[in-house]
Amino acid sequence: QVQLVESGGGLVQAGGSLRLSCAASGRTFSRHAMGWFRQAPGKEREFVAAISWRSITGYADSVKGRFTISRDNAQNTVSLQMNTLKPEDTAVYYCNAHPEGVSSLNRRDDYWGQGTQVTVSS
């Protein structure tokens, strides 16, 4: 059974840092980009960051320069280092695995974690 399990969420003051981790099990993700999405109350889920098998990265404009995504292919993990957090970063953060070579508009074969809450107080 494939599972993505997030950890590292919590409550932090504005300007602070958090590190999210995602442990994948049940298969290897050598042909998947790994990434993070987030969903704030009353809003749609949005892309945050992604990293390919060969560690090519991409970020949403809202987090560029503040967040850093990394992966450990041997350990089947992906992490998101979040610095200089803002109240607008408050959301549930979801780990994602997306088949490489498939349009990002097609999420049919994606894997998702259950999510971890990140709350940034002002």
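Values in this document were obtained by computation on a predicted structure and should not be read as measured data. (Residues numbered from 1 in each chain as written. Predicted model: local features only at pLDDT ≥ 70, side-chain atom pairs only at ≥ 80, totals over all residues. Heavy atoms only, no water.)

On to the overall build of the chain, then. Per the secondary structure count, the chain includes 0 helices and 11 strands. Listed by position from the N terminus, the elements making up the chain come as β-β-β-β-β-β-β-β-β-β-β. In summary, the chain has a C-alpha radius of gyration of 14 Å against a globular reference of 14 Å for 122 residues, a match within 12%. Here the C-alpha coordinates of the chain stretch approximately 40 × 30 × 25 Å along the principal axes. Split into buried and exposed, the 122 residues of the chain put 39% on the buried side. In the chain, the proportion of contacts linking residues at least 24 apart, taken out of those at least 6 apart, comes to 57%. Accessible area of the chain: about 6700 Å², with a carbon and sulfur share of 47%. (Helix = DSSP H or I, 4+ residues; strand = E, 2+ residues; numbered from the N terminus. Rg over C-alpha atoms; globule rule 2.2 N^0.38 Å. Buried < 20%, exposed > 50% of the residue type's maximum accessible area, 1.4 Å probe, protein only. Contact = heavy atoms within 4.5 Å. Areas by Shrake-Rupley, 256 points an atom, 1.4 Å probe, with all protein chains shown as cover.)

Here we come to the packing of aromatic side chains. All told, the structure shown has 3 aromatic pairs when counted by the stated rule. An angle of 70 degrees between the planes, with centres 5.1 Å apart, marks the rings of Phe-37 and Trp-112 as edge-to-face. One end of the pair, Phe-37, is in strand 4 (residues 32-39); the other, Trp-112, is in strand 10 (residues 111-112), with 75 residues separating them in the sequence. Looking at Phe-37, the relative accessible area reads 9%, which means it is buried. (Phe/Tyr/Trp six-rings, centres within 6.5 Å; stacked < 30°, edge-to-face > 60°.)

All right, on to the sheet that holds strand 8 (residues 77-82) then. Across the sheet, 4 strands lie side by side as 1-3-8-7; this open sheet has antiparallel pairing. Both edges of this open sheet fall to strand 1 (3-7) and strand 7 (67-72), since each of them pairs with a single strand only. With direction set aside, neighbouring strand axes in the sheet form an average angle of 15 degrees. Sheet topology note: the strand 3 (residues 18-25)/strand 8 ladder contains 6 bridges and is antiparallel. Each bridged residue has a counterpart across the sheet, and for Arg-19 the counterpart in strand 8 is Gln-81. (Pairing = 2+ DSSP bridges. Axes fitted to C-alpha atoms, helices over the stretch in contact; angles between N-to-C directions.)

In this structure, Trp-36, Leu-80, Met-82 and Tyr-93 are the most contacted members of the largest nonpolar core, which totals 27 residues. At the level of elements, strand 3, strand 4, strand 5 (46-51), strand 7, strand 8, strand 9 (91-99) and strand 11 (116-121) are the ones that each hand at least two residues to this core. (Core = buried A, V, L, I, M, F, W, Y, C linked by side-chain atoms within 4.5 Å.)

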